[in-house]
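Here is how the chains run, residue by residue.
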Amino acid sequence: MVLRSCCKFGPVLVWFRLGYVVLLWLCVTHLRCARAETKTVVQKDAEFDVTYNDTVTSDNQTIYAFNHTVSRNKTEGVRVTVDVLSEGAESSPILFVVRQKQAVLSFQVPLILRGLYQRKYPYAHVGRTLCQPPTRSLTETQYFFVDVSTLSSLGTHYQLRISRVDSFTLHTDKKFSFTASPSQPQYFKYVFPDGVDTVIVKVNSEMTFPCSVMSIQDIQCPVYDLDNNVAFIGMYQTMTKTAAITVQRKDFPSNSFYVVVVVKTEDEACGGPLRFYPLRPDELIDAGNRSKTLDVVVSPAISSDVYVMGMLFCLGIFLSFYLLTFLVACVENKRMHRRREGLLNPADMSPAETGKPGVTPVSPYEYGSFVDNASTLSSEAITDSIASDANYGYMGQEILKRRPFLTAIHHVAIRIERSLESVAGRSRQESLSSIEEDDYDTLADIDSDKNIVRTKKYLCVSDLARKDKRVLSKKYQIYFWNIATIGVFYALPVIQLVITYQTVVNVTGNQDICYYNFLCAHPLGNLSAFNNILSNLGYVMLGLLFLLIVLQRDVIHSRALDRNDLNALECGIPKHFGLFYAMGTALMMEGLLSACYHVCPNYTNFQFDTSFMYMIAGLCVLKLYQKRHPDINASAYTAYACLAAVIFFSVLGVVFGKGNMVFWIVFSVLHILATMLLSTQLYYMGRWRLDSGILRRIVYVIYTDCIRQCSGPMYIDRMVLLVMGNIVNWSLAAYGLLKTPNDFASYLLAIAICNLLLYFAFYIIMKLRSGERIQCMAMVCILFTAVVWGFALFFFFQGLSTWQKTPAESREHNRDCIVLSFFDDHDIWHFLSSIAMFGSFLVLLTMDDDLNNVQRDKIFVF
C-alpha cells in the first residue's frame, strides 16, 4: 500500500517543485527590476569649452548632449578631455561612451595601458579626439552624446570638457606644434591640394624619449590612436626625434588622411631602458610624466620631372665613361696608326724626303702584320749587312742614324730571329709537356725541378710561367664561369626574398622593417626607395664596360699569339684574362645585389650587399698575386671555397656575434691561424707540406736558423710583406676581440680591404724598387682612383641609417637629399664607389704595361 501511494502522488510532487522554482525566479527578477528602476538617468544639454564637475555612482548615470554645425568645406576636430579626481578609482573605473551619428567611442578612466610582460600603467587624465564622419551637405547640425557610468557604489568625482580643435586640418609647408602622451594621443587631418600627388609627412621633437609612434590612416572611423591598437591599420613607424613617411594620393581614395601621433607606454621599442619588473603581476606602475612636445609639417614630394632628371643624370654619368673610353680608344688607334706609318714610310721614300732622323723601335703587338710580311727575308743576311755597316764604329752609327730604312730593317730582322727561336723552343717544350696541368705536376722530375726553381733566392717571372699556356688559360677561365654560376644561383632567391619583404611592408604598413633614409626615400610603384636602387646602376654599367675593355685586350693578345708574336710569347707579364672577367662580373653582381638589399635594407639581408664585396676584394688580391706567380696561383675551386667560408662567418657574425664573446674568441683564433698558414704558403711558394711532421720541421728550422746560428731570412722582400701583413691582421683580430663591434659584416670587409691595400702598396713599392716604371695611363688611373675613393669614403661615413640600432634611433641619422632633390649621401657613395672600383680594376689591368717589351727572365718576382 505504501508503495502504491508513493507512485500515485509522485507526479504531483514533481509539478509542485517546478512551480516553486518558477515562483522564486519571478520574485528575483522583480526585485532586480525594482532595483534597476531606482537607478537615476540624468540627461543634460551641454556646451563646448565648458568644464563639467560631477560625481557618478552605480545608482546614477549622466548623459551629456552636444550639438555642433559641420561644414563640408571646413573640418573642425572635437576633443574630449576627462579627469578623475577621486582616489582609488582604479578598482572601479568610470566608463565614458561617446555616441555619434556614425561612430561610437568608449574608454575607461583611469585608462589602463599595458606594456611588456603585462606591465600595467594607469592614467587618470585622458584626452581623445572624436572621429568626424564626412558630410555631403554644405552645412549640417550633428548631435552626439557622452554617457558616464560606473559600477562603484561609492561616488567618483570627475571633470569633463568638450572643446573644438581649431588646428585640426594641417596645411602644406606649415609647421604645427602640439603635445601628446600615452593617454592623450593626437591626430590631424590633411587634404591633398590640387596638383600634388605625393607628400612627405615629417614629425620632429627635441626630446628623444618618451618613445612615440607616427601613423598614417585613412579617413574612416574608428581611428586607432592608442598604443595597443595604432598598428592595426595604415602605415606607421616608431620615432624618438624624427619620423617621416611618404604618402601618395593613389593610396587614399578620399584624397585625404589622418596623421596620428601616439606616445608609447615604454621606451624599449626605441632603444630606451626597460622598467623594472613588478613584484606582483597585477601591480599598477606609475608611468610618471610621459608628455612629449612635437611638431608636424607636411611638404610636397618631388614631381615626376625630378624622377626623369634623376634617371637621366644617373645614365649620363656612366654613359660618359663609355664615351671617354671610346675616345681614348680612337686616340690610341690613331697614335698606333701614325707609328705604323712612321715605320713603313721610310721604305718607300728617301731619307731626304722623310726628314726624320731615325725610327724608334716599336712593339710587335702593334706591327705584327709588318713582321709577318717580312718573315720571308733572311735574317742572317740582313743582320750581317747591318753589322758590316756598324763595324765602322762611330761613323757606322752615324750612318744608321741617317738611314731610317736600314734601322727599321735592323729591328725587324732581330725580332724575326728571336721569333723563330721562340717558336722552335716552344714547340720542343710542348712536345715534352702534357696539356693537363695535373699531369705536369705529378711527374717526379718536374716536381723536383719545381723545388729547385721556386726556392731560388731571386726569382724571375719566367721561373713561374713554365706551364702550358692553354692549360693555364682554361684554369683561369673557370674563375669567370664559376662566378657567373654563383651569381645566378645567388641572385634568384635574393630577388624573390626582397620582393616578399617589400610586399610585407606594403601590406602591413610597418615601416620599421626597412631601414631607409626616410627624408630622401622616393617611391616608384611598389618600391619605397627607388633612388637608392637606381644609384646602383653604375656598378652594372661600369662592370660591363670593364668586361668590354678586357675582351678587346684578350682579342688583341689572341691575335698576337696566332701570329707567333715574340712579345706575346716571351715578353711581359703573362696575359691571363679569366680573373679580369670574373672581376667585371663580380662588379655587375655587386650592383644587382646592392639594389636588392636597398629594396628593404635591414640586418637580415645585409649580406646581400657585402657578399660580392668580399668576392671583389679576394679576386683583386688573387689577380695581383697571379701577375708574377701564374703557375702557383690558387685554383678557382679553392678560391671560391675560401670566399664561401668568409661569407659563412659573415652570416654567423651578424646573427650570433653581437655581444657573444665565445664567437669572437673562436673567430679571432681562426683568423690568426689562417694568417699564419697563408704566410707560410706565400713565403715558401707552396713548397711545404702540412702533415704530421710539420712540428718537427718547425723546431728544426728554429734550431738551425735561430739557435745554432743567427741567419736572416732568405727571402727578405717576402718576409717584410708577411711581417707587415701579420701585424695588421693580428691587430685587427685583437681589436675585434676587445671591442666586439656590432657590425660584424663591415668589420670583416675592413679586414679584406686592409689586406688588399697592403699588398697593392707592397706591389707598387717593389715595382719601383726593381727599376720598373708606371706608364702615364696607369698613373692617371691610380691618381684618379685614389681621389675618387677619398670622396666616396667621405660620403660612406655619413651614416644616414644603421640597422645596428632600433629603427627609431636609425631615423635620427636621416638627412634630406643633396643632389637634384633626388639623391642622398648614400646614393653619392654608390656613384663614387662604382667609379672607384672601375678605376681600381683599370689600375690592375694597365699597371704592368711598361713590361710588354721586357723579357720575362728580366722581370723579378716579389
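Residues numbered from 1 in each chain as written. Predicted model: local features only at pLDDT ≥ 70, side-chain atom pairs only at ≥ 80, totals over all residues. Heavy atoms only, no water.

Moving on, we come to the overall build of the chain. Check the secondary structure of the chain and you find 23 helices and 20 strands. Counting all 862 residues of the chain, 47% fall into the buried class. Expressed as a percentage of contacts within the chain between residues at least 6 apart in sequence, the contacts between residues at least 24 apart total 81%. Here the chain has roughly 44100 Å² of accessible surface; of this, 62% comes from carbon and sulfur atoms. (Helix = DSSP H or I, 4+ residues; strand = E, 2+ residues; numbered from the N terminus. Buried < 20%, exposed > 50% of the residue type's maximum accessible area, 1.4 Å probe, protein only. Contact = heavy atoms within 4.5 Å. Areas by Shrake-Rupley, 256 points an atom, 1.4 Å probe, with all protein chains shown as cover.)

Okay, the packing of aromatic side chains next. Applying the stated criterion across every chain yields a total of 52 aromatic pairs. Between tryptophan 664 and tyrosine 747, the ring centres sit 5.3 Å apart and the planes meet at 65 degrees, which makes this aromatic pair edge-to-face. In this pair, tryptophan 664 is assigned in helix H17 (residues 661–683) and tyrosine 747 in helix H20 (residues 744–769), connecting sequence segments 83 residues apart. The exposure classification of tryptophan 664 matches that of tyrosine 747, with both residues buried. Taken together through their ring pairs, the aromatic side chains of Tyr307, Phe313, Phe318, Phe530, Phe822, Phe823 and Phe831 make up a single cluster. (Phe/Tyr/Trp six-rings, centres within 6.5 Å; stacked < 30°, edge-to-face > 60°.)

The next thing to look at is the sheet that holds strand S11 (residues 156–165). The strand order S2-S11-S4-S9 describes an open sheet built from four strands, whose pairing is antiparallel. Each having just a single partner strand, strand S2 (51–56) and strand S9 (125–130) make up the two edges of the open sheet. On average, each strand axis in the sheet is inclined to that of its neighbour by 20 degrees, with strand direction left out of account. (Pairing = 2+ DSSP bridges. Axes fitted to C-alpha atoms, helices over the stretch in contact; angles between N-to-C directions.)

With the rule as written, the count across this model stands at 22 salt bridges. In this structure, arginine 249 and aspartate 197 form a salt bridge, with 3.3 Å as the shortest nitrogen-oxygen distance. Of the two residues, arginine 249 is situated in the loop between strand S18 (242–248) and strand S19 (256–263) and aspartate 197 in the loop between strand S14 (186–191) and strand S15 (198–204); the sequence distance between them amounts to 52 residues. Arginine 553 is paired through a salt bridge with aspartate 849; the nearest N and O atoms lie 2.8 Å apart. (Salt bridge = Lys/Arg side-chain N within 4 Å of Asp/Glu carboxyl O.)

Under the counting rule described, the total for this entry stands at four disulfides. Shown here is the disulfide that connects cysteine 211 with cysteine 270, its sulfur atoms set 1.8 Å apart. Residues cysteine 211 and cysteine 270 are joined through a disulfide that is right-handed, its torsion about the S-S bond being 45 degrees. Placement of cysteine 211 in the loop between S15 and strand S16 (212–218) and of cysteine 270 in the loop between S19 and strand S20 (292–300) is noted, with a sequence separation of 59 residues between them. Considered together, cysteine 211 and cysteine 270 belong to a single accessibility category, that of buried residues. Between the sulfur atoms of cysteine 514 and its disulfide partner cysteine 600 the distance amounts to 1.8 Å. An S-S torsion of about -90 degrees defines the bridge between cysteine 514 and cysteine 600 as left-handed. (Disulfide = S-S within 2.5 Å.)

A cluster of nonpolar side chains, namely Met661, Val662, Ile665, Val666, Val669, Leu670, Leu673, Met676, Trp730 and Leu737, defines an oily patch on the protein surface of about 850 Å² accessible area. Looking at the nonpolar patch, the elements with two or more residues in it are H17 and helix H19 (716–739). Following the sequence through the fold, valine 669 ends up in helix H17. For valine 669, a relative accessible area of 43% puts it in the partly exposed group. (Patch = residues over 30% accessible without salt bridge, like charges linked within 9 Å, V, L, I, M, F, W, Y side chains within 5 Å.)

Within S16, six of the seven residues are buried, which leaves the element mostly enclosed by the surrounding structure. With five bridges connecting them, S16 and strand S17 (residues 235–239) associate as antiparallel partners. Its bridge partner lying in S17, valine 213 is registered against threonine 238. Two elements, S16 and S19, share seven bridges in a ladder whose sense is antiparallel. Across the sheet, residue valine 213 finds its bridge partner in S19, namely valine 262.

Relative to the 58 Å expected for 40 residues at 1.5 Å per residue, helix H10 (residues 469–508) spans 59 Å between its end C-alpha atoms, a close match to the ideal helical length. Put simply, aspartate 468 is the residue that caps the front of H10, since its side-chain oxygen is 2.8 Å from the backbone nitrogen of arginine 470. Looking at the residues trailing H10, positive phi occurs at glycine 509, about 75 degrees. (Expected span 1.5 Å × (residues − 1). Polar contact = N/O pair within 3.5 Å; in protein donor to acceptor, adjacent residues only side chain to side chain.)

Here helix H21 (residues 776–796) contains 21 residues, and its C-alpha end-to-end distance of 30 Å stays within 8% of the 30 Å for a straight helix at 1.5 Å per residue. Among all positions in H21, only Ala778, Cys781, Ile782, Thr785, Val788, Ala792 and Phe795 are buried. With its buried residues spanning 150 degrees around the axis, H21 presents them on a single face. Summarising the geometry of H21, the exposed residues directed more than 90 degrees from the buried face are Cys776, Leu783, Phe791 and Phe794. Packing partners of the buried residues in H21 comprise H20 and helix H23 (825–846). (Arc of directions from axis to C-beta.)

Turning our attention to the confidence of the model for the chain. Mean pLDDT for the chain: 80, with 79% of residues reaching 70 or above. Per-element confidence in the chain is highest for H23, whose mean pLDDT is 95, and lowest for helix H5 (residues 379–390), whose mean pLDDT is 36. Contacts for the low-pLDDT stretch residues 1–9, under 50 throughout, to residues beyond four places or in other chains number zero contacts. Residue range residues 347–413 is modelled with pLDDT below 50. Its contacts to residues more than four positions away, or to other chains, number 78 contacts. (pLDDT = per-residue confidence, 0-100.)

Using the criterion set out here, one finds four cavities of 30 Å³ or more in the structure. Of the pockets and cavities examined, the largest cavity occupies roughly 80 Å³. Along its surface, the largest cavity is lined by Tyr625, His629, Leu682, Met685, Arg718, Leu721, Leu722, Tyr759, Phe762 and Phe862. The set of elements that each furnish at least two residues to the lining of the largest cavity consists of H19 and H20. By residue number, the principal contributor to the lining of the largest cavity is H19, which donates three residues. Across the lining of the largest cavity, the residue classes break down as eight nonpolar, one polar and one charged. (1 Å grid on protein atoms, 1.4 Å probe; cavity = no way out; pocket = protein on both sides within 12 Å on 5 of 7 lines; lining within 4 Å. Points joined across faces, edges and corners; volume = space filled by probe spheres on them. Nonpolar A, V, L, I, M, F, W, Y, C, P; charged D, E, K, R; others polar.)

In this section: the environment of aspartate 827. Tracing the backbone through its elements, the reader meets aspartate 827 in helix H23. A C-alpha to C-alpha distance of 8.5 Å links aspartate 827 and leucine 534, two positions 293 residues apart in sequence. Setting aside anything within four residues of it in sequence, one finds aspartate 827 in contact with Asn531, Asn532, Ser535 and Phe822.

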